[in-house]
Amino acid sequence: MGNMEKFIDTVFGPIAMYMNKSPFFKSLTDAFIRMTPLTLGASVLMVIGFFPINAWQTWIKSVGIYDDFVAVQNATINALGLFLAFTFAYCFVKINATKYNPLVAGLLSLASFMMMIPQKYALYTVTGVGAQLPAKGTVQSVVDLNAFSTDYIGASGILVAIIIGYIVARLYIFLNDKHFVITLPESVPPNVAESLSPTFIAGAIMIFMFVLRLIFKFAPYLSDHGNIFAFITGVIQTPLQNIVGSPLSLILILSLANLFWYFGIHPQVVYSVVTPIVIANATANIVAYTSGKPIPYLMFAVVGMACGTGFGGQGATLGLVISMLRAKSERYKEMLKLTSIPSLFNINEPLIFGMPIILNPIFFIPMAIGPLVMGLSAWGMAKLVDLGNYNPTIAFPWTTPSLITMFFRGGFKLFLIGVVCLLISVIIWYPFFKVADKKAVEEEAQLSETKSENLVTE
(Lines give C-alpha, C1' and ligand atoms only; values in the text may rest on other atoms or scores of the structure.)
Protein backbone atom coordinates (compact mmCIF):
# COMPACT_ATOMS: atom_id res chain seq x y z
CA MET A 1 0.00 0.00 0.00
CA GLY A 2 2.88 2.35 0.81
CA ASN A 3 4.45 1.77 -2.60
CA MET A 4 1.12 2.38 -4.28
CA GLU A 5 0.66 5.66 -2.44
CA LYS A 6 4.23 6.68 -3.31
CA PHE A 7 3.57 5.88 -6.99
CA ILE A 8 0.33 7.87 -6.99
CA ASP A 9 2.00 10.81 -5.25
CA THR A 10 4.98 10.72 -7.64
CA VAL A 11 2.94 10.44 -10.84
CA PHE A 12 -0.11 12.54 -10.02
CA GLY A 13 1.39 14.90 -7.43
CA PRO A 14 3.01 17.26 -9.98
CA ILE A 15 -0.15 17.21 -12.11
CA ALA A 16 -2.29 18.06 -9.08
CA MET A 17 0.10 20.85 -8.12
CA TYR A 18 -0.03 22.28 -11.63
CA MET A 19 -3.83 22.15 -11.70
CA ASN A 20 -4.03 23.75 -8.24
CA LYS A 21 -1.92 26.66 -9.48
CA SER A 22 -3.62 26.92 -12.87
CA PRO A 23 -6.10 29.86 -12.94
CA PHE A 24 -8.50 27.76 -15.02
CA PHE A 25 -8.54 24.61 -12.87
CA LYS A 26 -8.34 26.47 -9.58
CA SER A 27 -11.39 28.53 -10.52
CA LEU A 28 -13.25 25.50 -11.85
CA THR A 29 -12.61 23.51 -8.68
CA ASP A 30 -13.83 26.41 -6.57
CA ALA A 31 -16.94 26.68 -8.75
CA PHE A 32 -17.76 22.99 -8.31
CA ILE A 33 -17.28 23.18 -4.55
CA ARG A 34 -19.58 26.21 -4.32
CA MET A 35 -22.40 24.11 -5.79
CA THR A 36 -22.06 21.44 -3.08
CA PRO A 37 -24.74 22.89 -0.73
CA LEU A 38 -27.18 22.84 -3.63
CA THR A 39 -26.57 19.17 -4.47
CA LEU A 40 -26.56 18.15 -0.80
CA GLY A 41 -29.83 19.94 -0.12
CA ALA A 42 -31.46 18.38 -3.17
CA SER A 43 -30.18 14.90 -2.31
CA VAL A 44 -32.16 14.88 0.94
CA LEU A 45 -35.45 15.34 -0.91
CA MET A 46 -34.41 13.02 -3.73
CA VAL A 47 -33.71 10.17 -1.30
CA ILE A 48 -37.18 10.68 0.16
CA GLY A 49 -38.97 11.05 -3.18
CA PHE A 50 -37.21 8.18 -4.93
CA PHE A 51 -36.77 5.83 -1.98
CA PRO A 52 -36.39 2.32 -3.50
CA ILE A 53 -39.50 0.69 -2.07
CA ASN A 54 -42.29 0.06 -4.57
CA ALA A 55 -45.05 0.59 -1.98
CA TRP A 56 -43.58 4.00 -1.08
CA GLN A 57 -43.29 4.97 -4.76
CA THR A 58 -46.90 3.92 -5.34
CA TRP A 59 -48.09 5.99 -2.37
CA ILE A 60 -46.10 9.05 -3.50
CA LYS A 61 -47.78 8.86 -6.90
CA SER A 62 -51.23 8.13 -5.47
CA VAL A 63 -51.25 11.31 -3.36
CA GLY A 64 -50.05 13.36 -6.32
CA ILE A 65 -46.66 14.59 -5.09
CA TYR A 66 -44.32 12.48 -7.23
CA ASP A 67 -44.10 15.26 -9.83
CA ASP A 68 -43.19 17.70 -7.06
CA PHE A 69 -40.16 15.61 -6.15
CA VAL A 70 -39.26 15.55 -9.85
CA ALA A 71 -39.53 19.36 -9.79
CA VAL A 72 -36.90 19.44 -7.03
CA GLN A 73 -34.59 17.36 -9.20
CA ASN A 74 -35.22 19.54 -12.25
CA ALA A 75 -34.53 22.74 -10.28
CA THR A 76 -31.24 21.49 -8.80
CA ILE A 77 -29.45 18.42 -10.17
CA ASN A 78 -30.96 18.88 -13.64
CA ALA A 79 -29.88 22.52 -13.72
CA LEU A 80 -26.21 22.11 -12.74
CA GLY A 81 -24.98 23.46 -16.07
CA LEU A 82 -26.95 26.63 -15.45
CA PHE A 83 -25.42 27.16 -12.01
CA LEU A 84 -21.92 26.29 -13.20
CA ALA A 85 -22.08 28.87 -15.97
CA PHE A 86 -22.50 31.51 -13.28
CA THR A 87 -20.17 30.18 -10.58
CA PHE A 88 -17.25 29.43 -12.91
CA ALA A 89 -17.10 32.92 -14.41
CA TYR A 90 -17.69 34.42 -10.96
CA CYS A 91 -14.87 32.41 -9.36
CA PHE A 92 -12.47 32.99 -12.26
CA VAL A 93 -12.77 36.78 -11.98
CA LYS A 94 -12.77 36.74 -8.18
CA ILE A 95 -9.56 34.67 -8.05
CA ASN A 96 -7.68 36.13 -11.03
CA ALA A 97 -8.87 39.75 -11.23
CA THR A 98 -9.83 40.90 -7.75
CA LYS A 99 -10.19 44.55 -8.75
CA TYR A 100 -13.17 43.80 -10.99
CA ASN A 101 -16.70 42.88 -9.93
CA PRO A 102 -17.07 39.07 -10.28
CA LEU A 103 -20.86 39.24 -9.95
CA VAL A 104 -21.15 41.00 -13.32
CA ALA A 105 -19.01 38.33 -14.98
CA GLY A 106 -21.17 35.59 -13.48
CA LEU A 107 -24.40 37.20 -14.68
CA LEU A 108 -23.00 37.77 -18.18
CA SER A 109 -21.88 34.15 -18.35
CA LEU A 110 -25.28 32.92 -17.20
CA ALA A 111 -27.04 35.05 -19.82
CA SER A 112 -24.62 33.89 -22.52
CA PHE A 113 -25.14 30.24 -21.60
CA MET A 114 -28.92 30.61 -21.79
CA MET A 115 -28.58 32.48 -25.07
CA MET A 116 -26.90 29.42 -26.62
CA ILE A 117 -29.78 27.10 -25.63
CA PRO A 118 -32.50 26.25 -28.20
CA GLN A 119 -35.68 27.89 -26.95
CA LYS A 120 -38.35 27.24 -29.59
CA TYR A 121 -40.44 24.07 -29.57
CA ALA A 122 -43.57 22.98 -31.42
CA LEU A 123 -46.46 21.71 -29.29
CA TYR A 124 -48.85 19.49 -31.28
CA THR A 125 -52.46 18.73 -30.37
CA VAL A 126 -53.25 15.28 -31.82
CA THR A 127 -56.61 13.51 -31.81
CA GLY A 128 -57.89 10.17 -33.06
CA VAL A 129 -54.84 8.12 -32.03
CA GLY A 130 -55.70 4.41 -31.82
CA ALA A 131 -54.87 2.23 -28.83
CA GLN A 132 -52.90 -0.27 -30.92
CA LEU A 133 -49.73 0.30 -32.86
CA PRO A 134 -49.18 1.26 -35.59
CA ALA A 135 -51.70 4.06 -35.11
CA LYS A 136 -52.75 7.17 -36.99
CA GLY A 137 -53.85 10.51 -35.62
CA THR A 138 -54.90 13.95 -36.76
CA VAL A 139 -52.95 17.09 -35.87
CA GLN A 140 -55.53 19.65 -34.79
CA SER A 141 -53.19 22.52 -33.96
CA VAL A 142 -49.55 23.48 -33.59
CA VAL A 143 -48.44 26.02 -31.00
CA ASP A 144 -44.93 27.49 -30.81
CA LEU A 145 -43.62 27.18 -27.28
CA ASN A 146 -40.68 29.17 -25.89
CA ALA A 147 -38.92 27.21 -23.14
CA PHE A 148 -35.54 26.11 -21.75
CA SER A 149 -35.19 22.33 -21.72
CA THR A 150 -33.46 20.57 -18.82
CA ASP A 151 -31.73 18.51 -21.52
CA TYR A 152 -29.43 21.51 -21.97
CA ILE A 153 -29.32 23.33 -18.63
CA GLY A 154 -28.57 20.18 -16.64
CA ALA A 155 -25.44 18.13 -16.14
CA SER A 156 -25.36 17.34 -19.88
CA GLY A 157 -24.61 21.03 -20.42
CA ILE A 158 -21.67 21.18 -18.01
CA LEU A 159 -18.99 21.15 -20.70
CA VAL A 160 -20.70 23.97 -22.59
CA ALA A 161 -21.08 25.88 -19.32
CA ILE A 162 -17.33 25.57 -18.70
CA ILE A 163 -16.51 26.78 -22.22
CA ILE A 164 -18.93 29.71 -22.06
CA GLY A 165 -17.90 30.63 -18.50
CA TYR A 166 -14.22 30.69 -19.42
CA ILE A 167 -14.73 32.74 -22.59
CA VAL A 168 -16.93 35.30 -20.82
CA ALA A 169 -14.58 35.62 -17.84
CA ARG A 170 -11.57 36.13 -20.09
CA LEU A 171 -13.40 38.69 -22.24
CA TYR A 172 -14.66 40.50 -19.16
CA ILE A 173 -11.14 40.83 -17.71
CA PHE A 174 -9.60 41.76 -21.07
CA LEU A 175 -12.15 44.50 -21.81
CA ASN A 176 -11.83 45.89 -18.29
CA ASP A 177 -8.06 46.00 -18.67
CA LYS A 178 -8.56 47.98 -21.90
CA HIS A 179 -10.85 50.38 -19.98
CA PHE A 180 -13.81 49.58 -22.22
CA VAL A 181 -16.12 51.02 -19.59
CA ILE A 182 -18.35 54.00 -18.97
CA THR A 183 -16.66 56.60 -16.76
CA LEU A 184 -19.16 58.52 -14.64
CA PRO A 185 -18.67 61.66 -12.49
CA GLU A 186 -17.84 61.19 -8.82
CA SER A 187 -21.20 62.74 -7.94
CA VAL A 188 -22.96 59.58 -9.20
CA PRO A 189 -23.75 57.18 -6.32
CA PRO A 190 -21.24 54.27 -6.20
CA ASN A 191 -23.88 51.56 -6.62
CA VAL A 192 -25.25 53.30 -9.75
CA ALA A 193 -21.78 53.85 -11.19
CA GLU A 194 -20.83 50.22 -10.54
CA SER A 195 -23.91 48.92 -12.36
CA LEU A 196 -23.57 51.24 -15.38
CA SER A 197 -19.79 51.06 -15.79
CA PRO A 198 -19.64 47.64 -17.56
CA THR A 199 -22.45 48.45 -20.02
CA PHE A 200 -20.13 48.49 -23.08
CA ILE A 201 -18.48 45.28 -21.92
CA ALA A 202 -21.85 43.58 -21.54
CA GLY A 203 -22.88 44.68 -25.01
CA ALA A 204 -19.64 43.41 -26.57
CA ILE A 205 -19.93 40.01 -24.85
CA MET A 206 -23.60 39.64 -25.83
CA ILE A 207 -22.76 40.42 -29.48
CA PHE A 208 -19.92 37.89 -29.42
CA MET A 209 -22.18 35.17 -28.01
CA PHE A 210 -24.94 36.00 -30.49
CA VAL A 211 -22.49 35.57 -33.37
CA LEU A 212 -21.31 32.28 -31.84
CA ARG A 213 -24.90 31.06 -31.71
CA LEU A 214 -25.37 31.95 -35.39
CA ILE A 215 -22.14 30.16 -36.34
CA PHE A 216 -23.42 26.90 -34.85
CA LYS A 217 -26.76 27.46 -36.56
CA PHE A 218 -25.61 28.28 -40.09
CA ALA A 219 -21.96 27.24 -40.57
CA PRO A 220 -21.38 24.14 -42.74
CA TYR A 221 -21.15 20.90 -40.73
CA LEU A 222 -21.83 22.78 -37.50
CA SER A 223 -25.31 23.63 -38.78
CA ASP A 224 -26.06 19.91 -39.07
CA HIS A 225 -26.30 19.92 -35.28
CA GLY A 226 -28.12 23.22 -34.85
CA ASN A 227 -26.47 24.34 -31.62
CA ILE A 228 -23.31 23.96 -29.57
CA PHE A 229 -24.90 21.39 -27.23
CA ALA A 230 -25.97 19.08 -30.05
CA PHE A 231 -22.58 19.54 -31.74
CA ILE A 232 -20.62 18.36 -28.70
CA THR A 233 -23.04 15.50 -28.07
CA GLY A 234 -22.90 14.43 -31.71
CA VAL A 235 -19.11 14.47 -31.85
CA ILE A 236 -19.00 12.17 -28.82
CA GLN A 237 -21.91 9.89 -29.73
CA THR A 238 -21.08 9.19 -33.36
CA PRO A 239 -17.98 7.04 -32.67
CA LEU A 240 -20.01 4.99 -30.15
CA GLN A 241 -22.87 3.99 -32.41
CA ASN A 242 -21.33 0.70 -33.55
CA ILE A 243 -19.72 -0.36 -30.25
CA VAL A 244 -22.75 -1.71 -28.41
CA GLY A 245 -24.46 -5.05 -27.86
CA SER A 246 -22.04 -7.40 -26.09
CA PRO A 247 -20.95 -7.50 -22.41
CA LEU A 248 -17.45 -6.37 -23.39
CA SER A 249 -18.84 -3.46 -25.39
CA LEU A 250 -21.00 -2.47 -22.43
CA ILE A 251 -17.96 -2.52 -20.12
CA LEU A 252 -15.98 -0.33 -22.50
CA ILE A 253 -18.84 2.12 -22.98
CA LEU A 254 -19.51 2.44 -19.24
CA SER A 255 -15.77 3.05 -18.77
CA LEU A 256 -16.06 5.84 -21.33
CA ALA A 257 -19.05 7.21 -19.43
CA ASN A 258 -16.91 7.44 -16.29
CA LEU A 259 -14.09 9.06 -18.22
CA PHE A 260 -16.45 11.64 -19.71
CA TRP A 261 -18.00 12.36 -16.29
CA TYR A 262 -14.49 12.96 -14.91
CA PHE A 263 -14.05 15.71 -17.51
CA GLY A 264 -17.49 17.17 -16.81
CA ILE A 265 -19.38 15.55 -19.70
CA HIS A 266 -22.54 13.98 -18.35
CA PRO A 267 -22.79 10.17 -18.80
CA GLN A 268 -26.22 10.64 -20.42
CA VAL A 269 -24.32 11.39 -23.62
CA VAL A 270 -23.12 7.79 -23.58
CA TYR A 271 -26.28 6.27 -22.12
CA SER A 272 -28.38 7.69 -24.94
CA VAL A 273 -26.41 5.36 -27.24
CA VAL A 274 -26.55 2.35 -24.93
CA THR A 275 -30.14 2.65 -23.66
CA PRO A 276 -31.89 1.30 -26.80
CA ILE A 277 -29.65 -1.79 -26.73
CA VAL A 278 -30.16 -2.25 -22.98
CA ILE A 279 -33.94 -2.02 -23.36
CA ALA A 280 -33.97 -4.42 -26.31
CA ASN A 281 -31.79 -6.97 -24.49
CA ALA A 282 -33.81 -6.65 -21.28
CA THR A 283 -37.04 -7.21 -23.23
CA ALA A 284 -35.56 -10.29 -24.92
CA ASN A 285 -34.52 -11.64 -21.49
CA ILE A 286 -38.04 -11.14 -20.09
CA VAL A 287 -39.68 -12.82 -23.11
CA ALA A 288 -37.33 -15.81 -22.85
CA TYR A 289 -37.85 -16.11 -19.08
CA THR A 290 -41.64 -16.01 -19.27
CA SER A 291 -41.52 -18.56 -22.11
CA GLY A 292 -39.36 -20.95 -20.12
CA LYS A 293 -36.38 -20.56 -22.46
CA PRO A 294 -32.71 -19.81 -21.63
CA ILE A 295 -32.02 -16.12 -21.05
CA PRO A 296 -30.09 -14.90 -24.11
CA TYR A 297 -28.43 -11.80 -22.61
CA LEU A 298 -27.71 -12.98 -19.09
CA MET A 299 -24.06 -11.86 -19.06
CA PHE A 300 -25.03 -8.49 -20.52
CA ALA A 301 -27.49 -8.00 -17.64
CA VAL A 302 -24.98 -9.06 -14.98
CA VAL A 303 -22.32 -6.72 -16.33
CA GLY A 304 -24.84 -3.86 -16.45
CA MET A 305 -25.63 -4.30 -12.74
CA ALA A 306 -21.96 -4.68 -11.82
CA CYS A 307 -20.51 -1.59 -13.47
CA GLY A 308 -23.49 0.70 -13.93
CA THR A 309 -24.63 3.25 -11.36
CA GLY A 310 -25.82 0.86 -8.64
CA PHE A 311 -22.72 1.07 -6.45
CA GLY A 312 -23.04 4.66 -5.30
CA GLY A 313 -23.70 6.31 -8.66
CA GLN A 314 -21.55 6.86 -11.73
CA GLY A 315 -17.99 5.73 -10.97
CA ALA A 316 -18.93 3.18 -8.28
CA THR A 317 -18.14 5.88 -5.71
CA LEU A 318 -19.58 3.81 -2.87
CA GLY A 319 -16.05 2.40 -2.66
CA LEU A 320 -14.78 5.93 -2.07
CA VAL A 321 -17.40 6.53 0.62
CA ILE A 322 -16.37 3.33 2.41
CA SER A 323 -12.72 4.39 2.08
CA MET A 324 -13.56 7.63 3.89
CA LEU A 325 -14.36 5.59 7.00
CA ARG A 326 -10.57 5.62 7.49
CA ALA A 327 -10.27 9.37 6.93
CA LYS A 328 -7.86 11.28 9.19
CA SER A 329 -8.57 14.78 7.90
CA GLU A 330 -11.49 16.77 9.23
CA ARG A 331 -12.43 17.67 5.67
CA TYR A 332 -13.12 14.10 4.61
CA LYS A 333 -14.66 13.12 7.94
CA GLU A 334 -17.29 15.78 7.34
CA MET A 335 -17.59 14.79 3.68
CA LEU A 336 -18.37 11.23 4.81
CA LYS A 337 -21.20 12.45 7.02
CA LEU A 338 -22.69 14.57 4.25
CA THR A 339 -22.44 12.18 1.30
CA SER A 340 -22.81 8.66 2.71
CA ILE A 341 -26.63 8.47 2.72
CA PRO A 342 -27.14 9.99 -0.77
CA SER A 343 -24.38 7.75 -2.19
CA LEU A 344 -26.03 4.68 -0.70
CA PHE A 345 -29.02 5.48 -2.92
CA ASN A 346 -26.86 6.19 -6.00
CA ILE A 347 -27.04 10.00 -5.71
CA ASN A 348 -23.39 11.01 -5.88
CA GLU A 349 -23.47 14.55 -7.31
CA PRO A 350 -22.58 15.95 -3.83
CA LEU A 351 -19.53 13.70 -3.86
CA ILE A 352 -18.62 14.36 -7.50
CA PHE A 353 -18.69 18.13 -7.03
CA GLY A 354 -17.84 18.32 -3.33
CA MET A 355 -14.58 16.36 -3.18
CA PRO A 356 -14.32 17.29 -6.04
CA ILE A 357 -13.79 14.22 -8.23
CA ILE A 358 -14.30 16.06 -11.53
CA LEU A 359 -10.94 17.14 -12.98
CA ASN A 360 -9.12 16.02 -9.82
CA PRO A 361 -5.98 14.23 -11.09
CA ILE A 362 -5.71 12.07 -7.97
CA PHE A 363 -9.04 10.40 -8.77
CA PHE A 364 -8.55 9.98 -12.53
CA ILE A 365 -7.49 6.31 -12.44
CA PRO A 366 -10.28 4.99 -10.18
CA MET A 367 -12.88 6.85 -12.23
CA ALA A 368 -11.46 5.50 -15.49
CA ILE A 369 -10.83 1.85 -14.60
CA GLY A 370 -13.61 1.10 -12.11
CA PRO A 371 -16.22 -0.26 -14.58
CA LEU A 372 -13.52 -2.11 -16.51
CA VAL A 373 -12.26 -4.07 -13.49
CA MET A 374 -15.67 -4.56 -11.88
CA GLY A 375 -17.39 -5.53 -15.13
CA LEU A 376 -14.74 -8.03 -16.20
CA SER A 377 -14.67 -9.53 -12.69
CA ALA A 378 -18.45 -9.93 -12.57
CA TRP A 379 -18.48 -11.42 -16.06
CA GLY A 380 -15.80 -13.95 -15.12
CA MET A 381 -17.47 -14.92 -11.83
CA ALA A 382 -20.89 -15.27 -13.49
CA LYS A 383 -19.38 -17.73 -15.97
CA LEU A 384 -18.26 -19.97 -13.09
CA VAL A 385 -21.60 -20.23 -11.27
CA ASP A 386 -25.09 -21.34 -12.21
CA LEU A 387 -27.41 -18.35 -12.51
CA GLY A 388 -30.30 -20.36 -13.93
CA ASN A 389 -32.68 -18.84 -11.40
CA TYR A 390 -32.05 -15.27 -12.67
CA ASN A 391 -35.37 -13.40 -12.88
CA PRO A 392 -35.25 -10.41 -15.29
CA THR A 393 -38.88 -9.43 -14.63
CA ILE A 394 -38.08 -7.90 -11.22
CA ALA A 395 -37.73 -4.12 -11.52
CA PHE A 396 -36.57 -1.53 -8.98
CA PRO A 397 -36.24 2.29 -8.96
CA TRP A 398 -32.87 3.72 -10.03
CA THR A 399 -32.03 4.60 -6.42
CA THR A 400 -31.90 0.91 -5.45
CA PRO A 401 -28.38 -0.28 -4.53
CA SER A 402 -27.12 -2.99 -6.90
CA LEU A 403 -26.66 -5.48 -4.06
CA ILE A 404 -30.41 -5.47 -3.45
CA THR A 405 -31.22 -5.75 -7.16
CA MET A 406 -28.74 -8.59 -7.63
CA PHE A 407 -30.08 -10.52 -4.64
CA PHE A 408 -33.71 -10.41 -5.76
CA ARG A 409 -32.92 -11.13 -9.42
CA GLY A 410 -30.27 -13.80 -9.02
CA GLY A 411 -30.34 -15.00 -5.43
CA PHE A 412 -27.40 -15.52 -3.12
CA LYS A 413 -24.90 -16.35 -5.88
CA LEU A 414 -25.45 -13.11 -7.76
CA PHE A 415 -25.48 -11.23 -4.46
CA LEU A 416 -21.99 -12.61 -3.67
CA ILE A 417 -20.79 -11.43 -7.08
CA GLY A 418 -22.09 -7.98 -6.14
CA VAL A 419 -20.26 -8.11 -2.79
CA VAL A 420 -17.01 -8.94 -4.58
CA CYS A 421 -17.61 -6.03 -6.98
CA LEU A 422 -18.11 -3.70 -4.02
CA LEU A 423 -14.86 -4.91 -2.46
CA ILE A 424 -13.10 -4.32 -5.77
CA SER A 425 -14.49 -0.79 -5.81
CA VAL A 426 -13.07 -0.16 -2.33
CA ILE A 427 -9.69 -1.61 -3.32
CA ILE A 428 -9.59 0.64 -6.41
CA TRP A 429 -10.54 3.83 -4.57
CA TYR A 430 -8.75 3.39 -1.24
CA PRO A 431 -5.08 4.08 -2.18
CA PHE A 432 -6.02 7.18 -4.13
CA PHE A 433 -8.19 8.42 -1.30
CA LYS A 434 -5.31 7.91 1.16
CA VAL A 435 -3.16 10.25 -0.93
CA ALA A 436 -5.92 12.88 -1.01
CA ASP A 437 -6.55 12.47 2.72
CA LYS A 438 -2.85 12.84 3.50
CA LYS A 439 -2.70 16.09 1.54
CA ALA A 440 -5.81 17.35 3.33
CA VAL A 441 -4.21 16.59 6.73
CA GLU A 442 -1.09 18.53 5.72
CA GLU A 443 -3.17 21.49 4.51
CA GLU A 444 -5.19 21.52 7.74
CA ALA A 445 -2.01 21.40 9.84
CA GLN A 446 -0.50 24.25 7.85
CA LEU A 447 -3.69 26.31 8.20
CA SER A 448 -3.80 25.65 11.94
CA GLU A 449 -0.16 26.70 12.27
CA THR A 450 -0.80 29.91 10.33
CA LYS A 451 -3.75 30.79 12.55
CA SER A 452 -1.64 30.17 15.67
CA GLU A 453 1.10 32.46 14.38
CA ASN A 454 -1.45 35.17 13.62
CA LEU A 455 -2.84 34.94 17.16
CA VAL A 456 0.64 35.25 18.66
CA THR A 457 1.36 38.25 16.46
CA GLU A 458 -1.85 39.96 17.53
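Residues numbered from 1 in each chain as written. Predicted model: local features only at pLDDT ≥ 70, side-chain atom pairs only at ≥ 80, totals over all residues. Heavy atoms only, no water.

The name given to the protein in an unreviewed UniProt entry is Permease IIC component, with the source organism recorded as Pseudolactococcus carnosus. Note on the protein: under the UniProt heading Subcellular location (unreviewed entry), the record states "Cell membrane". Entered under Function (unreviewed entry) in the UniProt record, the comment concerning the protein runs "The phosphoenolpyruvate-dependent sugar phosphotransferase system (PTS), a major carbohydrate active -transport system, catalyzes the phosphorylation of incoming sugar substrates concomitant with their translocation across the cell membrane." (UniProt positions renumbered as here; feature names shortened; annotations may be inferred.)

Another point: the overall build of the protein. Along the backbone of the protein there are 20 helices and two strands. The 458 residues of the protein split such that 45% are buried. When contacts within the protein are restricted to residue pairs at least 6 apart in sequence, those whose partners lie at least 24 apart make up 74%. When the accessible area of the protein is evaluated, it comes to approximately 22,900 Å², of which 66% is carbon and sulfur surface. (Helix = DSSP H or I, 4+ residues; strand = E, 2+ residues; numbered from the N terminus. Buried < 20%, exposed > 50% of the residue type's maximum accessible area, 1.4 Å probe, protein only. Contact = heavy atoms within 4.5 Å. Areas by Shrake-Rupley, 256 points an atom, 1.4 Å probe, with all protein chains shown as cover.)

With that out of the way, let us pick up the pattern of salt bridges. What the rule picks out here adds up to three salt bridges. The closest approach of N and O atoms between K333 and E330, which form a salt bridge, is 3.8 Å. In this pair, K333 and E330 both sit in helix 17 (residues 330-344), three residues apart, roughly one turn of the helix. You can call K333 partly exposed: its relative accessible area is 33%. A salt bridge links E334 to K337; the shortest N-O distance between them is 3.2 Å. Of the two residues, E334 and K337 both sit in helix 17, three residues apart, roughly one turn of that helix. We classify E334 as partly exposed; its relative accessible area is 38%. (Salt bridge = Lys/Arg side-chain N within 4 Å of Asp/Glu carboxyl O.)

Attention now goes to the packing of aromatic side chains. Applying the stated criterion across every chain, the model contains 19 aromatic pairs. For the ring pair F88 and F92, a centre distance of 6.3 Å and an interplane angle of 80° mean the geometry is edge-to-face. On the criterion of helical spacing, the pair formed by F88 and F92 is a turn pair, its members being four residues apart in helix 6 (residues 80-96). F92 shares its class with F88; the two are buried. Between the aromatic rings of F363 and W429, the centroid separation amounts to 5.7 Å while the plane-to-plane angle is 55°, which identifies the pairing as tilted. Here W429 lies in helix 20 (residues 402-457) and F363 lies in the loop between helix 18 (349-354) and helix 19 (364-384), a separation of 66 residues in the sequence. What makes W429 buried here is its relative accessible area of 1%. A connected cluster of aromatic rings, assembled from ring pairs, spans F24, F25, F88, F92 and Y166. Over the ring of Y66 we find K61; its NZ or CZ atom is 5.0 Å from the centre of that ring. (Phe/Tyr/Trp six-rings, centres within 6.5 Å; stacked < 30°, edge-to-face > 60°. Lys NZ or Arg CZ within 6 Å of the ring centre and 35° of its normal.)

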